[in-house]
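What follows is the residue order along each chain.
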Amino acid sequence: PKRQYYFMARCRELVRKEAESLGRPLTFFVTTFGCQMNARDSEKLTGILLEAGYLPAENEDADFVIYNTCTVRENANLKVYGHLGLLKHKKKSKPHMRIALCGCMMQEPLVVEKLKNSYQFVDLIFGTHNIFQFAELLARTLESRKTVIDVWEGTQEIVEDLPVERKYPFKSGVNIMFGCNNFCNYCIVPYVRGRERSRKPEDILQEIKTLANDGVSEIMLLGQNVNSYGKTLKEPVSFAELLRQVEQIEGIARIRFMTSHPKDLSDELIQVMKESEKICRHLHLPLQSGSTRILSAMNRRYTKEQYLELAEKIRREIPDISLTTDIIVGFPGETEEDFLETLDVVRRVRYDNAYTFIYSKRTGTPAASMEQQVPEDVVKIRFDRLLMLVQEHARRQTARFAGTVQEVLIEEVNKHDSSLLTGRMGSNLLVHFPGDASLVGSIRSVQLLECRGF
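Residues numbered from 1 in each chain as written. Predicted model: local features only at pLDDT ≥ 70, side-chain atom pairs only at ≥ 80, totals over all residues. Heavy atoms only, no water.

Engineer: Please clarify how the packing of aromatic side chains should be interpreted in this entry.
Structural biologist: How two aromatic rings sit relative to each other is given by the distance of their centres and the angle of their planes. In total, this model carries 14 aromatic pairs according to the counting rule given. Ring geometry for Tyr-81 and Tyr-119: centres 5.5 Å apart, planes at 20°, overall stacked. Remark: Tyr-119 occurs in the loop between α4 (109-118) and β5 (124-126) and Tyr-81 occurs in helix α3 (residues 74-93); sequence separation between them is 38 residues. Of the residues examined, Tyr-119 reaches a relative accessible area of 15% and is grouped as buried. Here the aromatic cluster, defined as three or more aromatic residues joined through ring pairs, consists of Tyr-54, Phe-64, Phe-126 and Phe-134. Here Lys-114 stacks its cationic end above the ring of Tyr-81, 4.0 Å away from the centre of that ring. Seen from the ring of Tyr-168, Lys-171 lies directly overhead, with NZ or CZ sitting 4.8 Å from the centre. (Phe/Tyr/Trp six-rings, centres within 6.5 Å; stacked < 30°, edge-to-face > 60°. Helix = DSSP H or I, 4+ residues; strand = E, 2+ residues; numbered from the N terminus. Buried < 20%, exposed > 50% of the residue type's maximum accessible area, 1.4 Å probe, protein only. Lys NZ or Arg CZ within 6 Å of the ring centre and 35° of its normal.)

Right, dumping it as structure tokens:
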């Protein structure tokens, strides 16, 4: 951290000189693609840019534009290239403008090669493993007119105590681990985020205490698979035990976590959730497919029966829980019978919501070279059938709250109707109700009248 704060001071001086020559302050704009982990990383990038003397801008007309990229799907990459095409024209009229790219997409050598050859106007490229070096890389970029490229293949480093600028003053994500050891056959994440490494519990707890003292009432513990937290520590601590310790922190009213892998969800974790007064009654439990045969091809390491047994146990122990999931349609080799198995799980588990995806080939994953790719038109029809079933069950499930009074954390003024506020229940359901902006950030009792699904 000391080294990075040295470079932040250096950046401040460089930014001050450039601002003087332009006769105005320098501005920045951060765009986040992808998951909550990326969103949290972007808060760190923003914190460092503010420390370096930049002011936030509303759009990409800023002096420093950074894209924190996702690469889970090929489409995410195409979106970034599209944005870069627009930035190229902006930079021609503002030669002093600087453009940076970071995140998962930068961990792919072919992407970096393409950027070097076709997008030479990009000033800075770095990956997921050395994001803590951003101040140092920023200083190099400000001092040079050459493109700075610094992408690490992997790391065991976890650097604490760097600046963070949170999007919300009342809630925050907290990284508890980085990387993934699961290697599902459709997923690029372990290749771009690296192997699992857990933060020390004392560092996590200290961060949460600081957040609580700063007025944060809800935290979300983040990891690619939080259920395997602690396995890489010298003195292993289970995720359930970490939750017990987090619950003791005064000021934190709500605890959430993402994401859980079904194969690692322990009885101890279910018990901790059941007994807790702070852990939200919401569990995101990705299914991906209801067919044991397809689950095996995906390398998910559980069967349909094991998943159903786990869901039943969770519902038995925590009857008021809201279960949500992820489902992929059209994985290579999926037959109509396999798809019907997925529909069967949806009917039996009764999800409050499901995030449904059409399988797309991801270069660099084992699934991309698998035979029996399912025809597009077949996948589209299956996807629509799944979506209809998911929405039907979600409406039915969420309607159980109609006529009740529930605690809601008010997050913002409704984007479509300024007379309404939007908040979130512990179950993660969105709620819209009359109120004014002064209530944002508080937890209030709200009477629920009309259900419109998730």
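Engineer: Got a minute to help me understand empty space enclosed by the protein in this structure?
Structural biologist: To find leftover empty space, one rolls a probe the size of a water molecule over the atoms. All told, the structure shown has 1 cavity of 30 Å³ or more when counted by the stated rule. The calculated volume of the largest cavity comes to roughly 30 Å³. Every element with two or more residues in the lining of the largest cavity is listed here: β11 (254-258) and β12 (282-284). Among the elements that take part in the lining of the largest cavity, β12 stands out by supplying 3 residues, more than any other. Broken down by class, the residue content of the lining of the largest cavity amounts to 3 nonpolar, 4 polar and no charged. (1 Å grid on protein atoms, 1.4 Å probe; cavity = no way out; pocket = protein on both sides within 12 Å on 5 of 7 lines; lining within 4 Å. Points joined across faces, edges and corners; volume = space filled by probe spheres on them. Nonpolar A, V, L, I, M, F, W, Y, C, P; charged D, E, K, R; others polar.)

Engineer: Even after reading the chapter, I still don't get the state of the cysteines, so can you show me in this structure?
Structural biologist: Each disulfide consists of a covalent bond between the sulfur atoms of two cysteine residues. For the structure shown, the criterion picks out 0 disulfides. Not part of a disulfide, Cys-70 finds its nearest cysteine sulfur in Cys-104, a span of 6.3 Å. Residue classification places Cys-70 among the buried residues on the basis of a relative accessible area of 14%. No disulfide involves Cys-280; its nearest neighbouring cysteine sulfur is the one of Cys-451, lying 19 Å away. (Disulfide = S-S within 2.5 Å.)

Engineer: Before we go on, may I ask you to explain the sheet that holds β11 in this structure?
Structural biologist: What holds strands together in a sheet is hydrogen bonding between their backbones, with the strands either parallel or antiparallel. Taken together, the 3 strands give an open sheet; going across it, the order is β7-β10-β11, and neighbouring strands pair in parallel fashion. The sheet terminates laterally at β7 (171-175) and β11, the two strands that pair on one side only. Adjacent strand axes in the sheet meet at a mean angle of 25° when their direction is disregarded. Two strands pair when backbone bridges link them, and β7 and strand β10 (residues 218-222) are joined in this way by 5 bridges, in the parallel orientation. Bridge pairing links Val-174 to Leu-221 in β10. Here helix α2 (residues 36-51) sits on the sheet and contacts β7, β10 and β11; the angle it forms with β7, its principal contact strand, is near 100°. Sitting on the sheet, helix α7 (residues 201-213) touches β7 and β10, and the angle it makes with β7 is about 170°. (Pairing = 2+ DSSP bridges. Axes fitted to C-alpha atoms, helices over the stretch in contact; angles between N-to-C directions. Contact = heavy atoms within 4.5 Å.)

Engineer: Even after reading the chapter, I still don't get the sheet that holds strand β14 (residues 353-358), so can you show me in this structure?
Structural biologist: Across the sheet, which stays open at both edges, the 3 strands sit in the order β12-β13-β14 with parallel pairing between neighbours. Strands with a single pairing partner mark the edges of an open sheet, and in this sheet they are β12 and β14. Recorded for the sheet is a direction-independent mean angle of 15° between the axes of neighbouring strands. Pairing geometry for strand β13 (residues 322-329) and β14, over 6 bridges, is parallel. By the bridge assignment, Ile-328 is partnered in β14 with Phe-357. Packed on one face of the sheet, helix α13 (residues 376-398) meets β13 and β14 and runs near 175° to β14.

Engineer: Please clarify how the environment of Asn-225 should be interpreted in this entry.
Structural biologist: Take Asn-225: it is sitting in the loop between β10 and α8 (239-247). A relative accessible area of 2% places Asn-225 in the buried class. Asn-225 sits 35 residues away from Ser-260 along the chain, and the two C-alpha atoms are 5.3 Å apart.

Engineer: Any chance you could explain helix α9 (residues 267-275) here in plain terms?
Structural biologist: Residues of α9 that are buried: Leu-269, Ile-270, Val-272 and Met-273. Take α9 and look down its axis: the buried residues cluster within an arc of 160°, on one side only. Considering only its buried residues, α9 is in contact with α8, β11, β12 and α11 (304-317). (Arc of directions from axis to C-beta.)

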